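Analysis of the macromolecular model
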Amino acid sequence: MHCSEVRSHRLPGDVLFSDRLRGWKLGLSALLLVVLIVGFGLQADAAPFGWRRLTADPAAHDGEPLIFSLYAVTAIEGPNRYRISKVIRDIPIAGPTDTLSEGDVVSVAATFRAVDAIAVEASRQRHELRPYKQVLGAVGLLWALWMVPRCFAWRGGRVVERG
């Protein structure tokens, strides 16, 4: 097979990844992305899992293990009780509060106690460096946004690398 024969033969990806009908391809991709996001949101909101499932039928889930990863402490209600929030607000936790303050970010391993519908802390990790990580991420994003126009340009309806 000669090189000219190879070039004339079209591969399936040639049509999909070509610039031909790129507006339609981008629009269809955006529409599919929106459908996936909305579908996942509806499914995640309606699905009974985690804390919602446990509190819907407490007696059936007594002693069930729970993991709350990267939740914010929203209230301290005494020496052995506090509340954490993320998507679900104000989940009650039974555990020591002497080293906690509102606004701390914690990960908690607990078990569900059906009598009073509370999570009993088995272990907890405070994420003390989390604010610094968020600042570092924001600095990185700002740097990337500052560098994009210095590294790329828009020519002839396309994004090209500056050279």
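Scroll up to find the structure this text is about.
Presented here is an overview of the structure given in this document. (Residues numbered from 1 in each chain as written. Predicted model: local features only at pLDDT ≥ 70, side-chain atom pairs only at ≥ 80, totals over all residues. Heavy atoms only, no water.)

Some details on the overall build of the chain
Helix and strand counts for the chain stand at five helices and seven strands. Secondary structure elements of the chain occur, N-terminal to C-terminal, as α-α-α-α-β-β-β-β-β-α-β-β. Across the 163 residues in the chain, those meeting the buried criterion constitute 21%. Entry remark: accessible area of the chain is about 12,200 Å², with carbon and sulfur atoms responsible for 65%. (Helix = DSSP H or I, 4+ residues; strand = E, 2+ residues; numbered from the N terminus. Buried < 20%, exposed > 50% of the residue type's maximum accessible area, 1.4 Å probe, protein only. Areas by Shrake-Rupley, 256 points an atom, 1.4 Å probe, with all protein chains shown as cover.)

Here's the deal with the packing of aromatic side chains
On inspection of all chains with the given rule, the structure shows three aromatic pairs. On the numbers, 5.3 Å between centres and 80 degrees between planes, the contact of Phe68 with Tyr71 is edge-to-face. (Phe/Tyr/Trp six-rings, centres within 6.5 Å; stacked < 30°, edge-to-face > 60°.)

Let's talk about the sheet that holds strand β3 (residues 91-94)
As summarised here, the arrangement of the five strands in space is β1-β2-β3-β5-β4, forming a closed barrel in which the pairing is mixed. Mean inter-strand twist for the sheet, computed between neighbouring axes without regard to direction, equals 55 degrees. Pairing between strand β1 (residues 65-78) and strand β4 (residues 105-113): six bridges, direction antiparallel. Bridge assignment links Pro65 to a residue of β4, and that residue is Thr111. (Pairing = 2+ DSSP bridges. Axes fitted to C-alpha atoms, helices over the stretch in contact; angles between N-to-C directions.)

Here's the deal with a nonpolar patch on the surface
A surface patch of nonpolar side chains, about 390 Å² in accessible area, is lined by Leu28, Leu31, Leu32 and Val35. If you trace the backbone, Leu28 turns up in helix α3 (residues 22-46). By relative accessible area, which is 48% here, Leu28 ends up partly exposed. (Patch = residues over 30% accessible without salt bridge, like charges linked within 9 Å, V, L, I, M, F, W, Y side chains within 5 Å. Salt bridge = Lys/Arg side-chain N within 4 Å of Asp/Glu carboxyl O.)

Some thoughts on the pattern of salt bridges
Side chains that differ in charge, positive against negative, can pair when their charged atoms come close. On inspection of all chains with the given rule, the structure shows seven salt bridges. Residue Asp104 is joined to Arg126 by a salt bridge in which the shortest nitrogen-to-oxygen separation is 3.4 Å. Placement of Asp104 in the loop between β3 and β4 and of Arg126 in strand β5 (residues 118-126) is noted, with a sequence separation of 22 residues between them. Exposure remark for Asp104: the relative accessible area of 13% places this residue in the buried category. Residue Arg124 pairs with Glu121 through a salt bridge whose shortest N-O separation is 3.1 Å. You can call Glu121 buried: its relative accessible area is 18%. Here the salt bridges share partners, and the residues they tie into one network are Glu77, Arg81 and Arg83.

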